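The lines below spell out each chain.
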Amino acid sequence: LILHPIGRFRCLWDLFVMILLIYTSIEIPYTFAFGHGRNVQYIGLAIDALLLLDILLNFHTAYFDKYDNLRLVTNKQHICKKYFRSWFFLDLLTCIPFELIISTLANDGETTTSDAFGYIKFLRIFRLFRIIKI
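Residues numbered from 1 in each chain as written. Predicted model: local features only at pLDDT ≥ 70, side-chain atom pairs only at ≥ 80, totals over all residues. Heavy atoms only, no water.

Engineer: Explain the environment of Leu 20 to me, please; I cannot follow it from the model alone.
Structural biologist: Position of Leu 20 among the secondary structure elements: in helix 1 (residues 8-34). With a relative accessible area of 11%, Leu 20 lands in the buried category. Residues Leu 20 and Asp 48, 28 residues apart in the sequence, show an inter-C-alpha distance of 9.9 Å. In contact with Leu 20, other than residues within four places in its own chain, are Ile 47 and Leu 50. (Helix = DSSP H or I, 4+ residues; strand = E, 2+ residues; numbered from the N terminus. Buried < 20%, exposed > 50% of the residue type's maximum accessible area, 1.4 Å probe, protein only. Contact = heavy atoms within 4.5 Å.)

In structure tokens:
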């Protein structure tokens with residue numbers, strides 16, 4: 001299944017991701033300044049999962065050729081190669097739940113407000129770079 005880059009589904013999905021990123025742009029500074037509860041953490045995990053789904057959709061989205069804007073590239077191998085060379089690593093970085101990983105490795109099931117976790121939460125700011133892509 002190859003999605004059209006300006007098809008109805010892809011445009012609606014990109015709008016949905018944009019809304020998630022706007023929420024994130026408000027939530028990150030608020031959380032950094034005032035802390036957060038368990039609900040905000042669950043919302044963050046849900047957003048991480050949706051951004052991971054966005055990565056999968058990007059591997060199935062055709063693109064217009066750089067030299068011939070009327071030619072739609074639908075070859076799966078070319079799509080993957082182009083995505084790996086452009087946005088893949090930033091997209092992957094933005095959907096990794098660093099807070100969950102570190103709290104699991106530290107065997108700390110409780111939400112902590114230490115400075116280290118605050119700086120790790122701040123890494124989520126890289127999600128905002130995805131707005132440029134959309």
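Engineer: Is there a simple way to explain the packing of aromatic side chains in this structure?
Structural biologist: The relation between two aromatic rings is expressed through the spacing of the ring centres and the mutual angle of the planes. Tallied over the entire structure, the rule returns eight aromatic pairs. Residues Trp 13 and Phe 16 carry aromatic rings whose centres are separated by 5.5 Å and whose planes lie at 50 degrees to one another, so their mutual orientation is tilted. Within this pair, Trp 13 and its partner Phe 16 are both found in helix 1, separated by three residues, close to a single helical turn. Since its relative accessible area comes to 10%, Trp 13 is described here as buried. Three or more aromatic residues link up through ring pairs in this structure, and these residues are Phe 59, Tyr 83, Phe 84, Phe 88 and Phe 89. Lying over the aromatic face of Tyr 63, Lys 82 brings its terminal NZ or CZ to 4.9 Å of the ring centre. (Phe/Tyr/Trp six-rings, centres within 6.5 Å; stacked < 30°, edge-to-face > 60°. Lys NZ or Arg CZ within 6 Å of the ring centre and 35° of its normal.)

Engineer: Help me out: how do you make sense of a nonpolar patch on the surface in this one?
Structural biologist: On the surface, Leu 12, Leu 15 and Ile 19 cluster together into a nonpolar patch covering about 300 Å² of accessible area. Secondary-structure assignment places Ile 19 in helix 1. (Patch = residues over 30% accessible without salt bridge, like charges linked within 9 Å, V, L, I, M, F, W, Y side chains within 5 Å. Areas by Shrake-Rupley, 256 points an atom, 1.4 Å probe, with all protein chains shown as cover. Salt bridge = Lys/Arg side-chain N within 4 Å of Asp/Glu carboxyl O.)

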